[in-house]
2 protein chains.
Amino acid sequence: MSVKITFVPDNLTVDVDADESILQAATRAGIILRGACGGAGTCGRCRVKLQSGFVLVDDQLYRSDEAPSVFSCRAHPTSDVVIEIPPDARLSEHQVLLDSQAQGRLEAKDEATVPPERPLYRVSVVEMSAPERDKTGDDLSRLRRGLEPLIGGSDLAVSTGLLRELPARLRAAGWHPRCGIADYEPARLVFIGTAGAPYYGIAVDVGTTTVVVQLVDLETGSTVATRGSYNRQAAFGDDVITRIIYATEETDGREHLRREVLETINALLDGVLAETGTAWQNVRACSCAGNPTMVHLLLGVDPSYIRLEPYTPAANHWPVLSASEVGLRVSEDAPVYCLPGVGSYIGGDISGGLVFSGAASTDGVTLFVDIGTNGEIVLGNREWLIGCACSAGPSFEGAGVTCGMRATEGAVEQVAISPGGFEVLLKAIGDVRPVGVCGSGLISGLSALERAGVIDRSGRFSPGLNTPRFRIGADGREFVLAWASESGSSRDLVLTNADLQNLLRAKAAVFAGIQTLLRSVGLGKDDIEQVLIGGGFGRHLNVRDAVAIGMLPDLPPERFRFVGNSSLGGARLALLSAADRTVIEATARRVTYMELDETTPFMDEFMAAMFLPHTDIGLFPSVKD
Amino acid sequence: MSVKITFVPDNLTVDVDADESILQAATRAGIILRGACGGAGTCGRCRVKLQSGFVLVDDQLYRSDEAPSVFSCRAHPTSDVVIEIPPDARLSEHQVLLDSQAQGRLEAKDEATVPPERPLYRVSVVEMSAPERDKTGDDLSRLRRGLEPLIGGSDLAVSTGLLRELPARLRAAGWHPRCGIADYEPARLVFIGTAGAPYYGIAVDVGTTTVVVQLVDLETGSTVATRGSYNRQAAFGDDVITRIIYATEETDGREHLRREVLETINALLDGVLAETGTAWQNVRACSCAGNPTMVHLLLGVDPSYIRLEPYTPAANHWPVLSASEVGLRVSEDAPVYCLPGVGSYIGGDISGGLVFSGAASTDGVTLFVDIGTNGEIVLGNREWLIGCACSAGPSFEGAGVTCGMRATEGAVEQVAISPGGFEVLLKAIGDVRPVGVCGSGLISGLSALERAGVIDRSGRFSPGLNTPRFRIGADGREFVLAWASESGSSRDLVLTNADLQNLLRAKAAVFAGIQTLLRSVGLGKDDIEQVLIGGGFGRHLNVRDAVAIGMLPDLPPERFRFVGNSSLGGARLALLSAADRTVIEATARRVTYMELDETTPFMDEFMAAMFLPHTDIGLFPSVKD
């Protein structure tokens, strides 16, 4: 039996069967809820209100006249229902506000050069010989010889559809065919034509919380458009562990998550195509960077063993599949290249980021920190690299915190609080009214709250706070950063006690990872010549704040450099250059991987870092001052 | 509007649309008619009788009370109709009667040896290491290392479906997985399991007129079952030229012919699978040998340019496609290997046949003659090979002659006629009543008719024949080989004047090809140390008869050897051995190809050979005696 769910205030109606939860139905309708626990019914982030009708939750029936607030992941409607989505339950979608400075750097590295030499797909006019009487040179072998200057000694594969039409196509082109080649081993011929059509590729940053798609002109190497949004999978788990559990334990969970991330990418793709008037048929190559779990789920590969001792991915170096096999809505023959990973929790986003940022080719010791939902940390130089991943949670991407949001227009990126008076000064991206707080704003806020004495060094609210900004809300104690009247969302922007603990854990995980790596190679913080920061922070992060809360090591500010979205940058390099693909693959093999779990020194480091800035204040001389 | 056609005596009814001819409908119903001209409406071989209803033929309406005999290729029913198929119009399907002697030779060469070393698909238990903590050895890369002893330095491709389930499969197998590998470059992993299932391959001889499918156990190398039938394409053209025209000029002609040959192979496959209780899923590799046109049509590749100057195939060496791409009803991942061809009319059936028969590795000069619908002839030894193809027509396969049939039970294989008295003695395969005459019987008959004075040396009926066996039939002058009362078909077995001319042309084409090759390398017949005869003749051909009519050169009988179905034999070698695949590929590249058309000496040779045995009787000293 199928019933209807109407979601308000969106006024979207979907038909559902008995086995579909309200959370699943909402996702299908394009409403991304917060499913931090992956539908386990424990986190309560996905709570919605029943306005009319009946729902069943764990064998108990709820009626709308009780106006219950139910966990949408556990609730199944038994009649037509109207469901109200509270603003807090929603992960809103935004256009990506391009970080122009980081973008400038991208352009400086990639675009101010000659056209790409060997992108993942390219079109070249091939000079081949005409057939001759009594010569046994069939069409395909003469074409192969013509292609030799382009693909060298690589074998040549031909798509079956093209093989079938080969004779007529070559003759129509008068033996000077324009050949479209997917350039990997073996090279694959996927297009033969006469007229020149433009051809594009996409670089995709497949993040646990956010996904970015960049459309690139493969002929010129220039960026055509970029869009990002929340990963629709986020409705089924905050972090990779929860996703793996969902994929493994829910019926069809893996296939479900595969479809969600595909839908995320395809929707972004539709956006960039519509925006630029580009035909999907002309998108001929895809390069995807993500952590190992994200790549497993995108390709539909069983991720179970990533989270079970000894933490083994199905593959680090992936076969190149076709877009039609993967399910991406681009030219069906388009190769899908997934950047190679290092180990269970360090993926192609990091291999690519190390190359994109230059971290893999420095003389001096470089610390590369990519802070997304996981924090991945790599230490080393051109000769050695060692890396680890620590579960930072999605707080810095705006998903683990009540007022969190991505670094887009209206996101608070800086917080100042007057000591004593508790006056709050917020700076939002785009200089508009604040609608939420992004990662850099949260770090700034944590630092400001501590300096102003609102919280103590353990991250808890100080006793006896005498300000209306401090109050007991629905989720316990909280501090109001902006009143509804000042905000762009007509709601109070608050940081709750739980938010603060989430942030503290996130920063502690990052710092503990850095310390673990340093100790494993017998170095101290002062041996680090530069710190490269990837991830979504971009130019908004204030390094002083990050050092003040003890997330990053206490080094002079000039040693820090932001590299923007280095995962996207790496995917873009791989899309545009065979040489860079080779370097990225070699880099992935070169990183020594440290697994961090309860049996390692990491846990001790983590506990020591659950303090502002640290239990060992000697590590932060500049903060002590 | 759709109407019904009921075919009698089969009592099969099919629905047809206005644009489908009776010929097409019959084929769809599994009744294979003789469409020698490819539906051009010129040969009249596909004539059927209208028993009831109305048909439209080239804008003229025919009624059943006129009992018209219509060309089924041009006739479209305009009401429900009953169509009678005369026995003559039908290409009947037979079980292959295995030529036990040729089969014995096959077994001697292939089966009395050790199990195949590197068949096109094989299963091996792989020893791989278990994952270890802090090692970055993902499942796929450890598996790859385990496979190295099996596939050497070849790249490894993995089917997407298998990749997705890789982790669980490897663990279920306790790191000793049974791996199924399609063994070509790159090697392709298509199966991982624990339990041992049998695995098979098929060798397919894709002939213009007949198709043979052999099921082979890939583990032991032994033949499990063999079946053959007419190629369903034969309803749409007798020879490759007519088929190419049909493919090129009829709407969807190419796709139509592709489906017909696929249906032929799949039906034979169903037969061998049912007969042996084998599951199609366990058929894991296909090796196909055919002339270039047959392979183009099987793969769906445009064959147009094979028949247009300078006669260029799309490919001689084919990419290995998957069974699902090709449409064969075996395991979808099964590789389909098509044996490489030499040039426009010499295909993988010959490359394979040269290796199978040993012709490619002799010290002395060998003449290899494969007489099917085309006659392909190769001259040479281990150091040089030169070849040509001459259109012999399908007479010797029983399709171009009124009473023709394949060499199966009931086929006349030997004819003797008493001079003067015109008593006829027939020997049929299986020592049963004769139902038709196969290729060797036709050669024997032509020779006997000439010796008995029924025909003269130009192949025409002698004047003043005084015997009731000579008469004027529906198709003109004809000679009765067996009366209906003596035959197994309750019809008179006759050879018509047209039949005799077809046979004369066929034998002349073969001999002219041989002469053309000999002259091109400056050799004479006596330089030939052995003649290897492939094709469907098997042990039934009497070499004296073939020399007597001037089809084969006049050499001592001991220089002739039959190699059976060498196309099937070649396909089988390629199925079972990587080393043989390499040799076959090298052989295909090694043959110098001569294109025979009106601009070559071939036409003069052909005209000179249109005589029994030849205009230059000096070439046949043993016949002159």
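Residues numbered from 1 in each chain as written. Chains lettered and ligands numbered in written order. Predicted model: local features only at pLDDT ≥ 70, side-chain atom pairs only at ≥ 80, totals over all residues.

Participant: Looking at this model, I keep getting lost on the overall build of chain A. Mind explaining?
Facilitator: A tally of regular secondary structure across chain A gives 16 helices and 30 strands. For 625 residues, the compact-globule formula gives about 25 Å, and the C-alpha radius of gyration of chain A, at 26 Å, lands near that figure. Counting only C-alpha atoms, chain A reaches 100 × 65 × 45 Å along its principal axes. Sorting the 625 residues of chain A into buried and exposed places 56% on the buried side. A fraction of 68% describes how many contacts in chain A between residues 6 or more apart in sequence connect residues 24 or more apart. (Helix = DSSP H or I, 4+ residues; strand = E, 2+ residues; numbered from the N terminus. Rg over C-alpha atoms; globule rule 2.2 N^0.38 Å. Buried ≥ 20, exposed ≤ 12 C-beta atoms within 10 Å, placed from the backbone. Contact = placed C-beta atoms within 7 Å.)

Participant: How do you make sense of the pairing of strand β3 (residues 47-52) of chain A when you look at a structure like this?
Facilitator: Looking down a regular strand, the side chains alternate between one sheet face and the other. All names here are of chain A. By the bridge criterion, three bridges tie β3 to strand β6 (residues 69-71) in an arrangement that is antiparallel. Bridging across to β6, K49 finds its partner in S69. Bridge count between β3 and strand β8 (residues 81-84): three bridges; the pairing is antiparallel. Bridge pairing in β8 places L50 opposite I83. (Pairing = 2+ DSSP bridges.)

Participant: Help me understand the sheet that holds strand β3 (residues 47-52) of chain B, please; the structure alone is not making it clear to me.
Facilitator: Backbone-to-backbone hydrogen bonds pair the strands of a sheet. The strands run either parallel or antiparallel. Residues and elements named next belong to chain B. If you walk across this open sheet you meet the five strands as β2-β1-β8-β3-β6, and the pairing is mixed. Both outer strands of the open sheet, β2 (12-17) and β6 (69-71), are each paired with one neighbouring strand and no more. The sheet shows a mean angle of 40° between the axes of neighbouring strands, direction not considered. (Axes fitted to C-alpha atoms, helices over the stretch in contact; angles between N-to-C directions.)

Participant: What's the story with the interface of chain B and chain A in this structure? I'm lost.
Facilitator: One widely used convention gives an interface's size as the accessible area the parts lose upon coming together. In this assembly, 41 residues from chain B lie in contact with 41 residues from chain A. Listed by contribution, the elements that provide at least two residues to the side of chain B that touches chain A are α3 (139-151), β10 (156-158) and α4 (160-172) of chain B. Sort the elements by how many residues they give to the side of chain B that touches chain A and α4 of chain B lands first, with seven residues. Along the lines of polarity and charge, the residues of the side of chain B that touches chain A split into 20 nonpolar, nine polar and twelve charged. (Nonpolar A, V, L, I, M, F, W, Y, C, P; charged D, E, K, R; others polar.)

Participant: How do you make sense of the nonpolar core when you look at a structure like this?
Facilitator: Nonpolar side chains in soluble globular proteins tend to be buried together. Within the largest apolar cluster, 384 residues are counted, with the highest numbers of intra-cluster contacts made by C286 and L481 of chain A together with C286 of chain B. In this structure L481 of chain A touches V415, V424, L426, V437, G445, L493, V494 and L495 of chain A, once residues within four positions along its chain are discounted. (Core = buried A, V, L, I, M, F, W, Y, C linked by C-beta atoms within 7 Å.)

Participant: Explain the relation of the copies chain B and chain A here, please?
Facilitator: Each copy of the chain is related to the other by a rotation around an axis and a translation along that axis. With an RMSD of 0.2 Å, chain B superimposes on chain A once it is rotated by 180° and translated 0.1 Å along the axis. Such a combination of turn and shift is consistent with a two-fold rotation axis. Judged by C-alpha distance, P186 of chain B is the residue of chain B that lies nearest the rotation axis, at 4.2 Å. When the interface residues of chain B are mapped onto chain A, 100% of them again lie at the interface, so the same face is used by both copies. (Least-squares fit on C-alpha atoms with pLDDT ≥ 70 in both.)

Participant: How do you make sense of the sheet that holds strand β30 (residues 591-593) of chain B when you look at a structure like this?
Facilitator: Residue and element names in this part refer to chain B. The mixed open sheet is built from six strands, whose spatial order is β29-β28-β19-β20-β21-β30. Looking at the sheet topology across the chains shown, the edges are occupied by β29 (560-564) and β30. Across the sheet, the mean angle separating the axes of adjacent strands is 25° when strand polarity is ignored. Helix-sheet contacts for helix α9 (residues 348-357) involve β19 (366-371), β20 (375-380), β21 (385-390), β28 (530-535) and β29, and the interaxial angle to β19 is about 130°. Along the sheet, helix α11 (residues 497-520) contacts β19, β20 and β21; its crossing angle with β21, the most-contacted strand, is approximately 150°.

Participant: In this structure, what is going on with the domain arrangement of chain A? I would like to understand it.
Facilitator: Segmentation of chain A into domains returns domain 1 (2-89) and domain 2 (360-391 + 512-618). Distance between the C-alpha centres of domain 1 of chain A and domain 2 of chain A: 40 Å. (Domains from an automatic or database assignment.)

Participant: Would you mind showing me how to read the packing of helix α5 (residues 240-249) of chain A against helix α6 (residues 253-276) of chain A here?
Facilitator: When two helices pack together, their arrangement is given by the angle between the helix axes and by the axis-to-axis distance. All names here are of chain A. At a minimum axis separation of 5 Å, α5 and α6 run at an interaxial angle of 125°. One element, α5, and the other, α6, form an angle in the oblique class. Contacts between α5 and α6 involve R243, Y246, A247, T248 and E249 on the former and, on the latter, G253, R254 and L257. (Parallel < 35°, antiparallel > 145°, perpendicular 65-115°, else oblique.)

Participant: Just to check I follow, could you spell out helix α10 (residues 439-451) of chain A for this structure?
Facilitator: Side chains that are three or four residues apart share a direction in an α-helix, a result of its 3.6 residues per turn. Residue and element names in this part refer to chain A. Between its first and last C-alpha atoms α10 spans 18 Å; for 13 residues at 1.5 Å apiece the expected length is 18 Å, and the two agree. Of all 13 residues in α10, twelve are buried; the element is thus mostly enclosed. Residues of α10 that are buried: G439, S440, G441, L442, I443, S444, G445, L446, S447, A448, L449 and E450. Elements that come into contact with the buried residues of α10 comprise β22 (411-417), β24 (436-437), β26 (476-482), β27 (493-496), α11 (497-520) and α12 (543-548). G453 occupies a position one or two residues after α10 and carries a positive phi of about 80°. (Expected span 1.5 Å × (residues − 1).)

Participant: Even after reading the chapter, I still don't get unusual backbone geometry, so can you show me in this structure?
Facilitator: Peptide bonds are trans in most cases, and residues, glycine excluded, mostly fall at negative phi. Residue L612 of chain A is joined to P613 of chain A through a cis peptide bond whose omega torsion reads -5°. Its location among the elements puts P613 of chain A in the loop between α15 (602-608) and α16 (621-624). For the peptide bond that leads from V8 of chain B to P9 of chain B, omega is 5°, which places it in the cis range. Within the secondary structure, P9 of chain B is located in the loop between β1 (2-8) and β2. Phi is positive for D58 of chain A, close to 45°, though the residue is something other than glycine. Mapped onto the elements of the fold, D58 of chain A is located in the loop between β4 (54-57) and β5 (60-63). According to the C-beta neighbour criterion, D58 of chain A is exposed, with 10 such atoms within 10 Å. With a phi angle near 60°, Y311 of chain A is a residue other than glycine that sits in the positive phi range.

Participant: Sorry, what's going on with helix α6 (residues 253-276) of chain B here?
Facilitator: Residue and element names in this part refer to chain B. The end-to-end C-alpha separation of α6 is 35 Å, in line with the 34 Å expected for 24 residues at 1.5 Å each. Considered for burial, the residues of α6 that qualify are G253, R254, L257, R258, E260, V261, T264, I265, L268, L269 and L273. Those residues of α6 that are buried are in contact with α1 (22-28), β13 (200-206), β14 (210-217), β15 (223-230), α5 (240-249) and α7 (292-299).

Participant: Honestly, the packing of α9 of chain B against helix α13 (residues 566-576) of chain B in this entry has me stumped. Any pointers?
Facilitator: Residue and element names in this part refer to chain B. Following both chains from N to C, one finds α9 and α13 inclined at 85°, their axes separated by 7 Å at the closest point. Classified by the interaxial angle, the pair formed by α9 and α13 is roughly perpendicular. From α9, D349, S351, G352, G353, V355, F356 and S357 reach across to α13, where they touch S566, S567, G569, G570, A571, L573 and A574.

Participant: What is the right way to look at the environment of I151 of chain A in this model?
Facilitator: All names here are of chain A. Checked against the element boundaries, I151 lands in helix α3 (residues 139-151). Given 20 C-beta atoms within 10 Å, I151 falls into the buried group. Separated by 33 residues in sequence, I151 and Y184 have C-alpha atoms that sit 9.1 Å apart. Residues in contact with I151, not counting those within four places in the same chain, are L156, I181 and A187.

Participant: Could you clarify how one ought to interpret the confidence of the model for chain A in this entry?
Facilitator: Any residue range with low pLDDT should be treated as having predicted coordinates unsuitable for detailed reading. Per-residue confidence for chain A gives a mean pLDDT of 89; residues scoring 70 or more make up 94%. The low-confidence segment residues 92-112 of chain A, where pLDDT is below 50, has 36 contacts with residues more than four positions distant or belonging to other chains. (pLDDT = per-residue confidence, 0-100.)

Participant: What is the right way to look at the environment of A225 of chain A in this model?
Facilitator: Residues and elements named next belong to chain A. Inspection of the secondary structure assignment puts A225 in strand β15 (residues 223-230). For the pair formed by A225 and V213, sequence separation is twelve residues and the distance between their alpha carbons is 8.4 Å. In contact with A225, not counting residues within four places along its chain, are L215, V272, E275 and T276.

Participant: I keep staring at the pairing of strand β1 (residues 2-8) of chain A and nothing clicks. Help me out?
Facilitator: All names here are of chain A. Of the two faces of β1, only the one carrying V3, I5 and F7 is buried; S2, K4, T6 and V8 on the other face are not. Pairing geometry for β1 and strand β2 (residues 12-17), over six bridges, is antiparallel. By the bridge assignment, S2 is partnered in β2 with D17. From the end of β1 to the start of β2, which pair antiparallel, there are three residues, and N11 there has a positive phi angle of about 55°. Note: β1 against β8, four bridges, orientation parallel. Its bridge partner being in β8, F7 is matched across the sheet by I83.

Participant: What should I look at first to understand the environment of P119 of chain A in this one?
Facilitator: Residues and elements named next belong to chain A. Examined against the element boundaries, P119 turns out to sit in the loop between α2 (100-110) and β9 (121-125). By C-beta crowding, P119 is classed as buried, having 27 other C-beta atoms within 10 Å. Setting aside residues no more than four positions away along its own chain, P119 makes contact with G201, L218, A285, L575, L576 and S577.

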